[in-house]
Amino acid sequence: MGSDIGKRTIVLRDGDCSGCGGEWVVEAGGELELYQLCTSGRHSVRILLGEGAKAKVVFAALSAGEVEYDYTMELNGEGADVELHGLIMATEGRKATVHTAMRHNAPHCHSDQQVRGVAATKGYGLFDGLVYVAPDAQKTEAYQQSRNLLLDGSARIETQPQLEIYADDVRCSHGATVGQMGDEQIYYMRQRGLSEEAARKLQLGGFVGALLTHIDNDELRGEFERALGIDE
Amino acid sequence: MLKVKNLHASVDGKEILKGIDFEVKAGEVHAIMGPNGSGKSTFASVLAGNEKFEVTAGEVEYNGLNLLEMSIEERARQGLFLGFQYPVEIPGVSMANFMKLAVAERRKAQGKEPLSAGQMLKYMREKAAIVELDSKLMNRAVNEGFSGGEKKKNEIFQMAMLEPELALLDETDSGLDIDALRIVATGVNRLRSEKNATVLITHYQRLLDYIVPDFVHVLYKGRIIYSGGKDLALKLEKEGYDWLINDYKE
């Protein structure tokens, strides 16, 4: 639990948050950055935003065991702003799940969710993302994008965007894509001398690495890199 | 350098190449022409090792090696380069990272020391200048958001980076305006030497105004049915393929 004015950074990792989560209140004009990097267990995070408050969430849900994240954002004050950048990575034979609920309860709020999913052999990734816009939350802007990559034919990803919009003057969009690691791209890289393994690693690193551009702190970015296996 | 004997290849059980004989020596430029669907791109793909195609008969010797037993990447590392007709976009993979890995593999095969980061940057700038490719593109993902002309220049740039012995350029001229064509051709000409060879696969004579071949071959229905000097391309441009095809019996 916490309440703050000014800028605050929270990092949730394995170890200091077994089955962790919590609720944070960002008061009017305040800012919160929340980074989460956990590999097992169920984690629930709730952020309540006041007028003009901002929250930035960057997460990687990596399934060393089974992992599940549950995010709820309550945009309660006018002009609140949430950006959420995430990666769901279902490793071999494991399941990784992320739920988001972006609840626009006040007018003139803005939210953007960019979630990528990767599933390895027999891995299973699930993303369900709700965007809720209350009847008086006019002039809402809410965006959601889910991009997914299957590493082979036995991998599975489900993505379930949901929009519940009760106001009429809003701008909302959502989109989802699921692609498989491209044979043509692997062929192209091999024709330039890369082994198949190096080509796959490069392509995966590119897809996954997009998340890192949203982490300004070098140390923290390094920690994410190592966890994602793309540090070199 | 390259000796192809009686090469047959199929895709999904359908035979596309029906007995190709073809030889290239160091220092030579060959052009392979022919109507659509005659097997030109398939021939280049089979030489590069594209696994979509099945080689059903024949032999290919490349610098004394049995090419058909080599993996795609091994062929590339040994200096066989394919300039793609449709270069793919690879989101998330930067040109600079991609070239760093590719050049390292090629140099290892050549027995050369790896380049330092600084040397690599300089080398990349030098080679990009050959085809007037904006070196800012090196920070972008491979071919992503490149114009048609930039994609083709990028193929020749990569060729310059990798210093191939045998370059197969598949329809490198298609979709280029005259300025881009001139730049691409100038690049190819600058890379010509006594030690390497180039095979141009093309529909049109116009590329051959800029890159003058030593030999021109006509591929039709999976076989090379006619070979000649550079004048053959001019004759084909003027008279088409009918005079050859009408004489040809399968």
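Residues numbered from 1 in each chain as written. Chains lettered and ligands numbered in written order. Predicted model: local features only at pLDDT ≥ 70, side-chain atom pairs only at ≥ 80, totals over all residues.

S.K.: Just checking my understanding: could you explain the overall build of chain B for this structure?
M.R.: When helices and strands are tallied, chain B shows nine helices and 12 strands. A globule of 250 residues ought to have a C-alpha radius of gyration of about 18 Å, and chain B, at 18 Å, matches this closely. Its C-alpha atoms put chain B at 60 × 40 × 35 Å along the principal axes. Here chain B holds 250 residues, and 42% of them are scored as buried. Sequence separation of at least 24 residues holds for 72% of the intrachain contacts in chain B that already meet a minimum separation of 6. (Helix = DSSP H or I, 4+ residues; strand = E, 2+ residues; numbered from the N terminus. Rg over C-alpha atoms; globule rule 2.2 N^0.38 Å. Buried ≥ 20, exposed ≤ 12 C-beta atoms within 10 Å, placed from the backbone. Contact = placed C-beta atoms within 7 Å.)

S.K.: What exactly am I supposed to notice about the interface of chain A and chain B here?
M.R.: By convention, interface size is frequently given as the accessible area that disappears when the constituent parts associate. On the chain B side, the residues contacting the 18 residues of chain A number 21 residues. When contributions to the side of chain A that touches chain B are tallied by element, the ones reaching two or more residues are helix 1 (183-191) and helix 2 (196-209) of chain A. If one sorts the elements of the side of chain A that touches chain B by residue count, helix 1 of chain A sits on top with seven residues. Of the residues belonging to the side of chain A that touches chain B, the class tally is eight nonpolar, seven polar and three charged. (Nonpolar A, V, L, I, M, F, W, Y, C, P; charged D, E, K, R; others polar.)

S.K.: Could you clarify how one ought to interpret the confidence of the model for chain A in this entry?
M.R.: The predicted coordinates should not be examined in detail at positions where pLDDT is low. The share of residues in chain A with pLDDT of 70 or more is 95%, and the mean pLDDT across the chain is 91. Mean pLDDT across the elements of chain A ranges from a minimum in strand 1 (residues 2-4) of chain A, with 48, to a maximum in strand 9 (residues 95-104) of chain A, with 97. (pLDDT = per-residue confidence, 0-100.)

S.K.: I would appreciate a short explanation of the sheet that holds strand 2 (residues 14-24) of chain B in the present structure.
M.R.: Backbone hydrogen bonds hold the strands of a sheet together, and the pairing may be parallel or antiparallel. Residue and element names in this part refer to chain B. Spatial strand order, 2-1-4-5: four strands in an open sheet with antiparallel pairing. Edge positions in the sheet fall to strand 2 and strand 5 (65-66), since each of these pairs with one other strand and no more. By the bridge criterion, two bridges tie strand 4 (residues 54-62) to strand 5 in an arrangement that is antiparallel. If you follow glutamate 61 over to strand 5, its bridge partner there is asparagine 66. Along the sheet, helix 1 (residues 40-48) makes contact with strand 1 (2-11), strand 2 and strand 4, crossing strand 2 at roughly 75°. (Pairing = 2+ DSSP bridges. Axes fitted to C-alpha atoms, helices over the stretch in contact; angles between N-to-C directions.)

S.K.: What is the right way to look at helix 4 (residues 117-130) of chain B in this model?
M.R.: Given 3.6 residues per helical turn, the α-helix brings residues three or four places apart onto the same face. Residue and element names in this part refer to chain B. Taking 1.5 Å as the rise per residue, helix 4 with 14 residues should run 20 Å; its terminal C-alpha atoms sit 21 Å apart, in good agreement. Where the residues of helix 4 are buried, they touch helix 3 (95-109) and helix 5 (148-162). Of the residues one or two after helix 4, glutamate 132 is the one with positive phi, at around 50°. (Expected span 1.5 Å × (residues − 1).)

S.K.: So what exactly am I meant to see when it comes to the nonpolar core here?
M.R.: If you look at soluble globular proteins, the nonpolar side chains tend to sit buried side by side. Core analysis: the largest hydrophobic core is formed by 79 residues, its most contacted members being Leu47, Phe81, Phe98, Leu168, Val184 and Leu200 of chain B. Among the elements that make up this core, the one with the highest residue count is helix 5 of chain B (six residues). Other than its neighbours up to four places away in sequence, leucine 168 of chain B contacts Ala44, Leu47, Ala48, Phe81, Leu82, Gly83 and Val199 of chain B. In terms of nonpolar packing, the next biggest core, distinct from the first, is built from 57 residues, Val45, Ile47, Leu211 and Leu228 of chain A among them. (Core = buried A, V, L, I, M, F, W, Y, C linked by C-beta atoms within 7 Å.)

S.K.: For this particular structure, what's the right way to read the packing of helix 4 of chain B against helix 5 of chain B?
M.R.: Two quantities define a packed helix pair, namely the angle between the axes and the distance from one axis to the other. Residue and element names in this part refer to chain B. Where helix 4 meets helix 5, the axes come as close as 9 Å, and the angle between the chain directions of the two elements is 135°. As summarised for this structure, helix 4 and helix 5 are arranged oblique, according to the angle between their axes. When you trace helix 4 past helix 5, the crossing you get is right-handed. On helix 5, the residues touching Lys127, Ala128 and Ile130 of helix 4 are Phe157, Ala160 and Met161. Taken together, the residues that form the contact of helix 4 with helix 5 break down as five nonpolar, no polar and one charged. (Parallel < 35°, antiparallel > 145°, perpendicular 65-115°, else oblique. Left-handed = near helix turned anticlockwise from the far one by under 90°.)

S.K.: Could you clarify how one ought to interpret the confidence of the model for chain B in this entry?
M.R.: With 98% of its residues at a pLDDT of at least 70, chain B reaches an overall mean of 93. Reported confidence for the predicted complex is 0.95 by ipTM and 0.78 by pTM.

S.K.: Sorry if this is basic, but what is going on with the environment of glutamate 194 of chain B here?
M.R.: Residue and element names in this part refer to chain B. Relative to the helices and strands, glutamate 194 is located in the loop between helix 6 (178-191) and strand 10 (197-201). On the basis of neighbour count, glutamate 194 is assigned to the exposed category, with 8 C-beta atoms found within 10 Å. For glutamate 194 and alanine 26, which are 168 residues apart along the polypeptide, the C-alpha to C-alpha distance reads 6.1 Å. Once residues within four sequence positions are removed from consideration, glutamate 194 is found in contact with Ala26 and Gly27.

S.K.: How should the sheet that holds strand 6 (residues 80-83) of chain B be read in this particular structure?
M.R.: All names here are of chain B. Spatially, six strands are ordered 6-9-10-3-11-12 in an open sheet, and the strand pairing comes out mixed. Each having just a single partner strand, strand 6 and strand 12 (223-228) make up the two edges of the open sheet. Direction aside, the axes of adjacent strands within the sheet are offset by 20° on average. By the bridge criterion, four bridges tie strand 6 to strand 9 (residues 166-170) in an arrangement that is parallel. Opposite phenylalanine 81, over in strand 9, you have alanine 167 as the bridge partner. Sitting on the sheet, helix 5 touches strand 6 and strand 9, and the angle it makes with strand 6 is about 170°.

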